[in-house]
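# Remarks on the overall topology
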Amino acid sequence: MWTRAFVFLIATIYSYQVISGVEIFVAELTVESNVTLEASTILSSWSEGLTFSLSGQTVTLGSREVTAECLVIGDDYNCNCSSGYVWSNEACYSYDCCRNTACLKNVSLVSPLCIPAVNVSLNGTAVLPGAVSDADKTQLQSALGQLNGVINIPIPTTRSSSTIANNIVDFWANATVKFNTTKLQEIVTNMKTNLKADYIFVDTHGMVTISAPDKTVNYKSNQSLICAFDESTDHSGWNLSKPFERFELNTGRQIMLANCLPSDYPSCVNVTLLGVTGILAGTYECGFTKGSVRHTASATLDVALLPDVISMEISPLIADCTGDIKIPVNISVNATIPQSTEKYAFQWKINDKDLTTFSEPVYLVQLNQVVRVNCSTKDNHVTIVFKNRNNQTTDKNIDIPMLSAGQPFCKPEVSDEVAWPKTPPGVTLVNNTCPVGRVGQKQRTCGNSSVWLNVLSNCVSEELKKVSTAADNFLQGVGATQKVAMDIFEGMRNNSEPANDSSNIADIMASVNIIDTMAQATQYVQLDENVFPNFVTSASNMLNSNWTGVNDTILHQMSSKYINSMEVLVKEIQINKSSGYNTTNLELQFCSRDDCNLTVFDIGVNLNKTDGLMKVMAIKNLMDKLENNYEKRESTDLILSATLVNNSNSNISISLLFPVQQDNNSDPLCVFWNTNLNKWSDEGCIANKTGNYTLCECTHLTSFSVLMSKSDTSEPALDIITSIGVAVSICCLVLFLIVEWMVWSAVIKTHLSHFRHTAVVNISVFLLLGDCSFLASSNPANLSETTCLTLTLCKHLFFLGMFAWMLCLSILLVHQLIFVFSPLRKRVFMYLSSILGYLCPMVLVGCSYVYYNYTGTKYHNEKTCWLIYEGLLKGSIYSFILPVGTIVLANIFSMVVVIVTLVKTSVPDSSKADDKETAKGILKVVVFLTPVFGATWGFGFALLMLEPDTILFTISNYLFTIFNAFQGLFIFLVGCFGEQKVREEMLRILKVKSGQSDSLSKSISTAVTKTK
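Okay, so let's go over this structure. (Residues numbered from 1 in each chain as written. Predicted model: local features only at pLDDT ≥ 70, side-chain atom pairs only at ≥ 80, totals over all residues. Heavy atoms only, no water.)

Attention now goes to the overall build of the chain. Counting secondary structure elements, the chain contains 20 helices and 51 strands. Looking at the chain as a whole, 45% of its 1012 residues are labelled buried. Excluding contacts between residues fewer than 6 apart, the proportion of contacts in the chain whose partners are at least 24 apart in sequence is 66%. For the chain, the exposed surface amounts to about 51100 Å²; the carbon and sulfur share of it is 55%. (Helix = DSSP H or I, 4+ residues; strand = E, 2+ residues; numbered from the N terminus. Buried < 20%, exposed > 50% of the residue type's maximum accessible area, 1.4 Å probe, protein only. Contact = heavy atoms within 4.5 Å. Areas by Shrake-Rupley, 256 points an atom, 1.4 Å probe, with all protein chains shown as cover.)

Next up, the structure:
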């Protein structure tokens, strides 16, 4: 009979891996004995504390136990592990000794034979292509039963994926032996094959050693956690679990991940936490992955927390000390902190003097304290102090503004759903009330001249606030993964859509800050090109708004942060296969060739390089938001940013060809955005004007643009006239159509009147639709590309339709004058006018759009949402100008025919009275026919031929704007008050409505009787 003993030898030498500061050696001794000599007797002769030398080190015997006994009779073996010990993995997998039963194999050479029992477990998930059957569950349990030391295998449970019911199976197992990773991976691979699973993942617990602080740590202290595993693995990682949340950790501003150096373990990782705050408190889990198997360990980091954020507000917003200064003013102070698992003691102070003593620790979210403000004290402030269980404190104070007697003030008023009380100049009030679905605060300052400034709202969408919090955590290293980055940019994109009030300035400010945060995070985490679609779309959508609601200082800070952050992100995001992205306000192109010639938003870019990747980004609708430090120059609309990565050449020369966006005879200036000064600079750039382009040649890379010394011809007065005129026209056209509906049956007694009113109604309808489309596109910067294109098509179609019906009316009038005795038949007129008034405009607009798309030429200008003018007979504008010009000339010809006919009719009677009547008739023709014939559009053609700086151009510009903006009013006046039948019928209707129907009925009855 022989016995195997398990001996512990303890050395007084420090070992890195062991927390207790000693290194543990394990030795195994085989003792052969006969039936009369017990193994325990032999072991008892080795007393604890016995010391001896081992490899030059003094070691001490700590304990000795019998681990296994074998009875050998001839060639028969019967071996058993002692209590508390189990068969080793070698004994199990090499000799099939795996359960808590006797081993009948010759295992005398196996070392170790039996090992101390431990508690380990595993859990896993398998995803099958179809529903999980009972046979699948049995097969899983059978496969797990092949593991050594398994003592419990619960029945697997199933759940459903988003597309297939019950196709996911979760399984568990408990064992008393640490799993052999190779064997476990072999079993997992076989399970995947046999079950035909899409994938299987397995986590083990109890096999990894974790070292973590074993007591409560201080708030904002630095901490370190270490995980070690005695096998080599493919990769490792850390996770942080909190109630209802789980984050993957990565290196960031507060987190540092590293391998343990030096280490006696094949796998060892360390996480260092810098300034532990609430977000870093929780359960830390480390993991070592090899194949489909991940070995994990976890430990809870207990932090004595303090509030990360303290919000304070007062009510009323100002202390009114205009009365007796000896009487204190009561002010209610509220303090709000995020919900926490920590109990806090708190104390109130006023003007740094204790108002209360520290309370008992309690769970807190909101506190309230009424303080008495002394009006004789100039500066008053209230402080709230919080204390945690480690006696650490943090505080927050709020100033209490006062209004004294005789002091000037801004008058109390309600603005942005907040009552702002009377406030002295220079004081900013803060109100923490936001609309439903938004969080934050509103601020308003009383200006130095005792006039309120605009309300600055920081009320951010709740959904965007969550995205902002995720971005902040990302920067710290919490949840800093590619997937979370994609979720952050997706959240930004969803919030920037027009349906989500994307023009809200608070949301835009928050989005700019998110972009800036993610740009800072790229120094720690590498992002790949999959983030580009949502990132570029959201960044482009932000530029659809004018960013109103903030002063110039904040506007310039926002725009500067935007362009700096965009440049960093575009540069740092890794490119694999993408060649670029294109949105309404942003276009990206990438080039890895030595000779790069790219075009972005019509800007030509040329760069010769020897290596590296060039990234080019063009931006619209940002220039007007950036500070222009060149006072005598106007900014253009386009900015181009060029960056070069992985390039070793220090001598860079880039050529940029900017299109001239307006007529300009002055010299352009090429500038770049200095990110250090946040200003434009022309250092290192040369500008040359070549035709309709400005060539910029620069010796460095950054964001570029062109400044011009002359602004466009737009005038505020004309804009006001246009807006008012179009609005008045729309109202008048609606009234005119109502009047026509009311008098229709009375005024179409003859074919001629039917034809004329049909044409005028169609002219009014098309003009009304055109004016509505014009108003809808009056602010193109806030419109999407699709909406802008749609409105351009609508205006093109509706205005052409209006002129087509004007031509119908003109042809009708000339025909009746020339062919007096050959009137048009109703069917012929309606057939021909329908073709000319409906079909022709649709065909012309459709063919124009298809032609410009087929030839690759732009059909519309996104900046104006109208057709493009590129020069003489160049551009889509001529698909409108040419037919309209032809119709206007034809209509003017018709007016001349009418006037000549009137003159000829009056020739036989040459008296002065008749001449006067003829002159009146001609004037009436001009006044009545000019609006419905569109003759005033002739002033628009004059604008194309005149020089912009001449007096004639200015006069024509104002006349064209006035006549055509109010065209609907003129049609209403001519159609309702200029036609006798319409006036009479309206008068009759008004008399009926006013109660004169009896007398009117009698007169009508008399007239009918006489006729009979």
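Quick look at the sheet that holds strand 13 (residues 209–211) now. Spatially, four strands are ordered 13-14-18-17 in an open sheet, and the strand pairing comes out antiparallel. Bordering the open sheet on either side are strand 13 and strand 17 (255–259), each of which pairs with just one other strand. Ignoring strand direction, the axes of neighbouring strands in this sheet form an average angle of 15°. Pairing between strand 14 (residues 223–229) and strand 18 (residues 267–273): seven bridges, direction antiparallel. Counted as the bridge partner of Gln223 is Leu273 from strand 18. (Pairing = 2+ DSSP bridges. Axes fitted to C-alpha atoms, helices over the stretch in contact; angles between N-to-C directions.)

Glancing now at a nonpolar patch on the surface. Taken together, the side chains of Tyr831, Leu832, Ile835, Tyr838, Leu839, Met842 and Val843 present a nonpolar region at the surface, about 660 Å² in accessible area. Here Leu832 shows up in helix 13 (residues 826–854). A relative accessible area of 48% means that Leu832 is categorised as partly exposed. (Patch = residues over 30% accessible without salt bridge, like charges linked within 9 Å, V, L, I, M, F, W, Y side chains within 5 Å. Salt bridge = Lys/Arg side-chain N within 4 Å of Asp/Glu carboxyl O.)

The subject of this paragraph is the pattern of salt bridges. On inspection of all chains with the given rule, the structure shows 15 salt bridges. A salt bridge links Glu186 to Lys183, with the shortest nitrogen-to-oxygen separation between them at 3.8 Å. Taken together, the positions of Glu186 and Lys183, both in helix 4 (residues 181–195) and three residues apart, correspond to about one turn of that helix. Exposure remark for Glu186: the relative accessible area of 42% places this residue in the partly exposed category. A salt bridge links Asp487 to Lys483; its shortest N-O distance comes to 3.2 Å. Taken together, the positions of Asp487 and Lys483, both in helix 6 (residues 482–496) and four residues apart, correspond to about one turn of that helix.

With that settled, consider the environment of Ser764. On the secondary structure map, Ser764 appears in helix 11 (residues 751–776). Along the sequence, Ser764 and Ser729 sit 35 residues apart, while their C-alpha atoms lie 9.9 Å from each other. Not counting chain neighbours up to four residues away, the residues in contact with Ser764 comprise Leu733, Phe736, Leu737 and Ile971.

Their axes nearest at 10 Å, the elements helix 3 (residues 134–144) and helix 4 cross at an angle of 160°. Regarding the angle of helix 3 to helix 4, the classification is roughly antiparallel. Pair helix 3 / helix 4 crosses with right-handed handedness. Contacts between helix 3 and helix 4 pair Asp136, Gln139, Leu140 and Ala143 from the former with Ile187, Met191, Asn194 and Leu195 from the latter. For the contact of helix 3 with helix 4, a count of residues per class yields five nonpolar, two polar and one charged. (Parallel < 35°, antiparallel > 145°, perpendicular 65-115°, else oblique. Left-handed = near helix turned anticlockwise from the far one by under 90°. Nonpolar A, V, L, I, M, F, W, Y, C, P; charged D, E, K, R; others polar.)

Looking now at the pairing of strand 41 (residues 613–620). Counting buried positions along strand 41 gives eight out of eight residues, so the element sits mostly inside the fold. Side chains Leu613, Lys615, Met617 and Ile619 project from strand 41 onto one buried face, and the interleaved Met614, Val616, Ala618 and Lys620 project onto a second face that is buried too. Note that strand 38 (residues 586–591) and strand 41 share six bridges and pair antiparallel. Among the inter-strand pairings, Cys591 is bridged to a residue of strand 41, identified as Met614. The pairing of strand 41 with strand 43 (residues 638–645) spans eight bridges and is classified as antiparallel. Opposite Met614, over in strand 43, you have Leu644 as the bridge partner.

For the structure on display, the rule yields 16 aromatic pairs. Measuring from ring centre to ring centre gives 5.4 Å for Tyr849 and Tyr859, while their planes differ by 90°; the resulting arrangement is edge-to-face. In this pair, Tyr849 sits in helix 13 while Tyr859 sits in the loop between helix 13 and strand 50 (860–861), placing the two residues ten residues apart along the sequence. Overall, the relative accessible area of 27% leaves Tyr849 in the partly exposed class. Tyr859 sits in the buried class, given a relative accessible area of 4%. Through pairs of rings, three or more aromatic residues link up here, namely Phe489, Phe532, Phe535, Tyr581 and Phe590. Stacked on the ring of Phe358, the Lys or Arg Lys387 has its end atom at 4.3 Å from the ring centre. The cationic tip of Lys625 hangs over the ring face of Trp547; the distance from NZ or CZ to the ring centre is 5.4 Å. (Phe/Tyr/Trp six-rings, centres within 6.5 Å; stacked < 30°, edge-to-face > 60°. Lys NZ or Arg CZ within 6 Å of the ring centre and 35° of its normal.)

This next bit is on unusual backbone geometry. Residue Pro112 is bonded to the preceding Ser111 through a cis peptide linkage, with omega at -5°. The topology assignment puts Pro112 in the loop between helix 2 (89–95) and strand 7 (114–116). Positive phi is not limited to glycine here, since Lys220 has a value of about 65°. The backbone phi angle of Asn351 is positive, close to 50°, even though this residue is not glycine. Mapped onto the elements of the fold, Asn351 is located in the loop between strand 24 (345–350) and strand 25 (353–354). Judged by relative accessible area, which is 25%, Asn351 ranks as partly exposed.

This part takes up the side chain of Asp170. Inspection of the secondary structure assignment puts Asp170 in strand 11 (residues 168–175). Judged by its relative accessible area of 12%, Asp170 falls in the buried class. Polar contacts involving the side chain of Asp170 include one to the side chain of Thr125, which spans 2.9 Å. Ignoring sequence-local partners within four residues, the contact set of Asp170 consists of Gly124, Thr125, Pro156, Thr157 and Arg159. (Polar contact = N/O pair within 3.5 Å; in protein donor to acceptor, adjacent residues only side chain to side chain.)

Time to look at the state of the cysteines. Considering all chains together, one arrives at 13 disulfides under this definition. Cys840 provides the cysteine sulfur closest to Cys808, a residue in no disulfide bond, and the two sulfurs are 8.7 Å apart. For Cys808, a relative accessible area of 4% gives the class buried. (Disulfide = S-S within 2.5 Å.)

The subject of this paragraph is the sheet that holds strand 34 (residues 442–445). Ordered in space as 32-34-35, the three strands form an open sheet in which the pairing is antiparallel. The open sheet terminates on both sides in strands that have one partner only, identified here as strand 32 (428–431) and strand 35 (456–457). Taken together, the four bridges between strand 32 and strand 34 define a ladder with antiparallel strand orientation. Its bridge partner lying in strand 34, Thr428 is registered against Thr445.

This part is about the environment of Glu697. Along the polypeptide, Glu697 turns up in strand 48 (residues 693–698). Setting aside its immediate chain neighbours within four residues, Glu697 contacts Ile654, Ser655, Gly684, Cys685, Ile686 and Asn688.

Here we take up helix 9 (residues 552–572). Over its 21 residues, helix 9 extends 30 Å from the first C-alpha to the last, a length consistent with the 30 Å expected when each residue adds 1.5 Å. Between the side-chain oxygen at the start of helix 9 and the backbone nitrogen of Thr553 there is a gap of 3.2 Å, and the oxygen is on Asn551. (Expected span 1.5 Å × (residues − 1).)

The next thing to look at is the pairing of strand 23 (residues 329–336). In terms of burial, strand 23 is largely enclosed, as six of its eight residues are buried. For strand 21 (residues 311–315) and strand 23, the ladder comprises five bridges, and the chain directions are antiparallel. Its bridge partner being in strand 23, Ser315 is matched across the sheet by Ser332. Pairing analysis gives eight bridges linking strand 23 to strand 26 (residues 366–373), with the strands arranged antiparallel. By the bridge assignment for strand 26, Thr336 is matched with Gln366.

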